[in-house]
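Geometric and topological summary
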Amino acid sequence: MIANRLLSPSTARHLSQRLLPRCCTTKSFFSTTPSTSSNIFDKITFIGTGKMSQAMLSPLITNNLQTPSSITAYDVSDAALAKVEELYPGVQTATSIPEAIRDSNLIVYGVKPQNIEKVHSEIRRAKWEGGDNKVRDDAIILSVVAGTPIQNFLDGSTVQRIARSMPNTPAQIGAGVTVWSCTENIDANERKRIKMVLDSFGKTVFVDDESFIDMSTSISGSGPAYIFLLMEAMVDAGVHMGFSRETATTLVHHTLLGSTKFAMETGEHPAVLRNSVTSPAGTTASAIYELENGKFRTVIKDAIWACYRRSLEMGGQSSQVGPNRTMAPGSFGGNSDATTTGSGSSHHPVEPPMGEMRVQSSLGNKHL
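Residues numbered from 1 in each chain as written. Predicted model: local features only at pLDDT ≥ 70, side-chain atom pairs only at ≥ 80, totals over all residues. Heavy atoms only, no water.

1. Observations concerning helix H7 (residues 188–199)
In this model H7 runs 16 Å from its N-terminal to its C-terminal C-alpha over 12 residues, within 8% of the 16 Å that 1.5 Å per residue would give. By the burial criterion, the buried members of H7 are Glu 190, Ile 194, Val 197, Leu 198 and Asp 199. (Helix = DSSP H or I, 4+ residues; strand = E, 2+ residues; numbered from the N terminus. Expected span 1.5 Å × (residues − 1). Buried < 20%, exposed > 50% of the residue type's maximum accessible area, 1.4 Å probe, protein only.)

What follows is the structure, encoded as structure tokens:
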């Protein structure tokens, strides 16, 4: 990804100050206050300088967590590297992957999934050839690549210490959420340092079971796109009714922002909050009726399951999971003994969501 398509540090700083609710900010993302802490890692190498790489790189420097001279960037695009040098003075750039990873004990994979094998081959070459550009024995690979399991890195790069993460795009303003996991040979101190890197651009959630990363891709990883689509639809409806696009956008932005902050600060279940806005036979009730009649919940759930399945497919695993799905015989990543009608072979062998809602009456619980 070309670096000049990303949010500049000044733009991201402005957005973080305007848009982040206080409940989400436990520290200043773009702090300029000097820090007395030393580097988190001896040297960090970024392979690829796209959105996620820059979302990590920027706060590491501006929050004085890592000195620019101890960071090296590599990208196939000379223009992207030139932009990195312009935005982050002091950051080193390299013309090859073996050169970039020299003396690095944290190697960040920030490339597209289709380019991973090319990076793997360069890492292997550096390991085999040795010399000045050899891979450190204590090197850790930190992946921000979607849909690529840890085993792919173990087999492809032959580096045996891997951390896999799934951040999301709000990380660009320090409001991201990242789910991550790692191999067992990464000790507690090293995990703490990896967490410091990921914490620099938002909240982190560590999971022991890597499968939760693919699940999180469908909720937090791709989730911002669902919110932006809802945002777009609401703005367009406002314009259709007669608001200027600027006014409609302001109303929608602050409605979503305020509702999220309200839910976080109150800790109430969303259904409770929704009911507090919905009066019997009122305007909101009419709107909710149309959403429910249009199967709004089902569409959202189906979209999340579809995203999860695609993430599994990208990682070479079976996508026969979820409602109405079972493992087919010979499915890649699946059990050859599974049948198309069995109920125990699916990762989530559940029935279609029916009869979920109940009402309390004088006759006891009834299904809606």
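2. A few points about the sheet that holds strand E1 (residues 44–47)
Taken in spatial order, the eight strands of this open sheet run E3-E2-E1-E4-E5-E6-E7-E8, and their pairing is mixed. Lying at the two open borders of the sheet, with one neighbouring strand each, are strand E3 (92–93) and strand E8 (202–206). Where E1 and strand E4 (residues 106–109) come together, four bridges link them in parallel fashion. What sits directly across from Phe 46, in E4, is Val 108. (Pairing = 2+ DSSP bridges.)

3. Some words on the packing of aromatic side chains
Within the structure shown, the criterion is met by three aromatic pairs. Centre to centre, the rings of Tyr 109 and Phe 153 are 5.1 Å apart; their planes meet at 75°, and the pair counts as edge-to-face. Pair noted here: Tyr 109 is in strand E4 and Phe 153 is in helix H6 (residues 150–157), with a separation of 44 residues, a long-range link. Judged by its relative accessible area of 0%, Phe 153 falls in the buried class. Lying across the ring of Phe 41, Arg 193 places its NZ or CZ 4.7 Å from the centre. (Phe/Tyr/Trp six-rings, centres within 6.5 Å; stacked < 30°, edge-to-face > 60°. Lys NZ or Arg CZ within 6 Å of the ring centre and 35° of its normal.)

4. Points about the pairing of E4
Residues Leu 106 and Val 108 point to one face of E4 and Ile 107 and Tyr 109 to the other, with burial holding for every one of them. Taken together, the four bridges between E4 and strand E5 (residues 140–143) define a ladder with parallel strand orientation. Note that in E5 the partner of Ile 107 across the bridge is Ile 141.

5. Observations concerning the packing of helix H5 (residues 116–129) against H6
Two elements in contact, H5 and H6, have axes whose closest approach is 8 Å; the angle formed by their N-to-C orientations is 45°. Taken together, H5 and H6 sit at an angle that is classed as oblique. Packed against H5, whose contacting residues are Ile 116, Glu 117, His 120, Ile 123, Arg 124 and Lys 127, the element H6 presents Asn 152, Phe 153, Gly 156 and Ser 157 at the interface. Partitioned by chemical class, the residues of the contact of H5 with H6 number three nonpolar, four polar and three charged. (Axes fitted to C-alpha atoms, helices over the stretch in contact; angles between N-to-C directions. Parallel < 35°, antiparallel > 145°, perpendicular 65-115°, else oblique. Contact = heavy atoms within 4.5 Å. Nonpolar A, V, L, I, M, F, W, Y, C, P; charged D, E, K, R; others polar.)

6. Remarks on the pattern of salt bridges
Tallying each qualifying case throughout the model produces 12 salt bridges. Between Arg 164 and Asp 214 there is a salt bridge, with the nearest N and O atoms lying 2.9 Å from each other. A residue pair is termed long-range when its members are at least 10 positions apart, and Arg 164 in strand E6 (residues 162–166) and Asp 214 in helix H8 (residues 211–221) qualify at 50 residues. Side by side, Arg 164 and Asp 214 carry an identical accessibility label, which is buried. One connected set of salt bridges, linked through shared partners, spans Asp 42, Arg 136 and Asp 138. (Salt bridge = Lys/Arg side-chain N within 4 Å of Asp/Glu carboxyl O.)

7. As for the nonpolar core
Membership of the largest hydrophobic core comes to 31 residues, with the highest contact counts inside it found for Met 56, Leu 142, Ile 194 and Val 197. Counting residues per element, the ones that place at least two in this core are E1, helix H2 (51–62), strand E2 (71–74), helix H3 (78–87), E4, E5, strand E7 (176–182) and H7. Residue contributions to this core peak at six residues, all from H2. With near-sequence residues (within four places) excluded, Ile 194 lies in contact with Phe 41, Ile 140, Leu 142, Ala 163, Trp 180 and Ile 186. Formed by 22 residues, the second largest nonpolar core is a distinct cluster that contains Ile 107, Ile 123, Ile 150 and Leu 154. (Core = buried A, V, L, I, M, F, W, Y, C linked by side-chain atoms within 4.5 Å.)

8. A look at the confidence of the model for the chain
A low pLDDT means the predicted coordinates there should not be read in detail. A residue-level look at the chain finds 78% of positions with pLDDT of 70 or above and a mean pLDDT of 82. Looking across the chain, the model is least confident in strand E9 (residues 358–361), with a mean pLDDT of 37, and most confident in helix H9 (residues 223–241), with 98. Per-residue pLDDT stays below 50 along residues 12–37; that stretch engages in 47 contacts with residues further than four places along the chain or on separate chains. Taken together, the stretch residues 328–368 has pLDDT below 50 and engages in 62 contacts with residues farther than four places along the chain or on a different chain. (pLDDT = per-residue confidence, 0-100.)

9. Regarding the pairing of E2
Each regular strand shows side chains that alternate between the opposite faces of the sheet. Burial along E2 is two-sided: the residues Ile 71 and Ala 73 and Thr 72 and Tyr 74 are all buried. Remark: the E1/H2/E2 crossover connection has right-handed handedness. Where E2 lies against E3, two bridges are found, and the strand directions are parallel. Among the inter-strand pairings, Thr 72 is bridged to a residue of E3, identified as Gln 92. (Right-handed = clockwise from strand over helix to strand, strands pointing away.)

10. Quick notes on the environment of Phe 206
In this fold, Phe 206 is placed in strand E8. Apart from the residues lying within four places of it in its own chain, the contact partners of Phe 206 are Trp 180, Ser 181, Cys 182 and Arg 191.

11. Comments concerning the packing of H8 against helix H13 (residues 296–314)
Taken N-terminus to C-terminus, the directions of H8 and H13 make an angle of 140°; their axes are 8 Å apart at the nearest point. By the angle between their directions, the pair H8 and H13 is classed as oblique. Considering the relative orientation of H8 and H13, their crossing is right-handed. Packed against H8, whose contacting residues are Asp 214, Met 215, Thr 217, Ser 218 and Ile 219, the element H13 presents Ile 304, Cys 307, Tyr 308, Ser 311 and Leu 312 at the interface. Considering only residue class, the contact of H8 with H13 consists of six nonpolar, three polar and one charged. (Left-handed = near helix turned anticlockwise from the far one by under 90°.)

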